[in-house]
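Given next are the chains, with one letter for each unit.
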Amino acid sequence: MFARIKKIFLMPIRYHVWGSFLIVVFATAVISGQVADRQGFANGELYSDVIERWGAPIDQVAPSVRYVQSGTVFNSLKPLVLSQQKISVDASMNYRKRGLVYFSGFDFSFSGIYEVINPEARDIDIVFVFPVSLDRNKVLLSELSFLVNNKKTDAILSDASDKIVWTGRLKKNESNTFRVTFKGRGLDSFHYRLDPSLAVKNFSFNITVNGGDNYDYPIGVVPAHESHQTTQAITLLWHYPSLESGVIVGAILPSQKSFDALISTMAARAWAPFIIYYLR
């Protein structure tokens, strides 16, 4: 075997071994460079274009509740910890292909149930604020619904306000339940951010993704307590009975391998069959 390899390297140039080998190396370098440039372009201009047309990564912030004792002016609001948060997200992958790249687009339905309890010995006036990223998602939101104690309440979003705001009164020992539902489109990931300055009680979050078999967690996101995976769907679950401060939950949604990656792999491995061919 060693003798054959030595013979290959000592062959005259007229057999074109070294010339062909240099051509393969040069072509591999050029193709790999072009693929890298194309991937960089896809991560820049193409990515921005897909965001404008399709949607952006979803970064949903948890609602906040503030209150004052009834009869006082709304200039010294106190934070009120939610006594329960139950969030469910159902996502279906809808990959968007631009050029040689598949982007991880998805359609989703969001449902959030929130409960607050009057912690004071007298009536309080509260304000419930649910933020929505209108600047990126306003044309993509649909079927928005806002219920208070199972009664439908108008939820109006305008260009001047990117949030749902509700004010009302809670009597002593009384509780209110809020439910927010809507549908939308997103890209790449779904994050849900709890307030890092407030305690968390009875928190549950689950996200089900149909149409993909791989997922990941971005930096700063707490991994799920449970995961259930099949060939067609992934379900991730978080559950916290009590936390001293809020965290970030969510995931990077499944992706499809782009043609760029396949071409790059083929180009990088092209030298192997070349050598085997001349060893025969």
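Up top is the structure these notes are about.
## Looking at the sheet that holds strand 8 (residues 124–131)
Taken in spatial order, the four strands line up as 3-2-8-11 in an open sheet, and their pairing is antiparallel. Strand pairing shows two members of the sheet lacking a second neighbour, strand 3 (78–79) and strand 11 (163–170), which therefore form its edges. Examined bridge by bridge, strand 2 (residues 64–69) and strand 3 share two bridges and lie antiparallel to one another. Considered in strand 3, the bridge of Tyr 67 is made with Lys 78.

## Describing the sheet that holds strand 17 (residues 248–252)
A sheet is described by the order of its strands in space; here three strands give the open sequence 1-13-17, paired in mixed fashion. Because the sheet does not close on itself, it has two edges, and the strands there are strand 1 (58–61) and strand 17. The average angle at which neighbouring strand axes cross in this sheet is 10 degrees, direction not considered. Two strands pair when backbone bridges link them, and strand 1 and strand 13 (residues 189–193) are joined in this way by four bridges, in the parallel orientation.

## Focus on unusual backbone geometry
For Asn 173, which is not glycine, the phi torsion reads 65 degrees and is therefore positive. Within the secondary structure, Asn 173 is located in the loop between strand 11 and strand 12 (175–187). Positive phi is not limited to glycine here, since Asp 188 has a value of about 75 degrees. Within the secondary structure, Asp 188 is located in the loop between strand 12 and strand 13.

## Observations regarding the pairing of strand 15 (residues 226–229)
Pairing analysis gives four bridges linking strand 15 to strand 16 (residues 233–243), with the strands arranged antiparallel. Paired with His 228 across the strands is Thr 235, a residue of strand 16. Counting the residues between successive antiparallel strands, the hairpin from strand 15 to strand 16 contains three residues.

About the thresholds
Residues numbered from 1 in each chain as written. Predicted model: local features only at pLDDT ≥ 70, side-chain atom pairs only at ≥ 80, totals over all residues. Heavy atoms only, no water. Pairing = 2+ DSSP bridges. Helix = DSSP H or I, 4+ residues; strand = E, 2+ residues; numbered from the N terminus. Axes fitted to C-alpha atoms, helices over the stretch in contact; angles between N-to-C directions.

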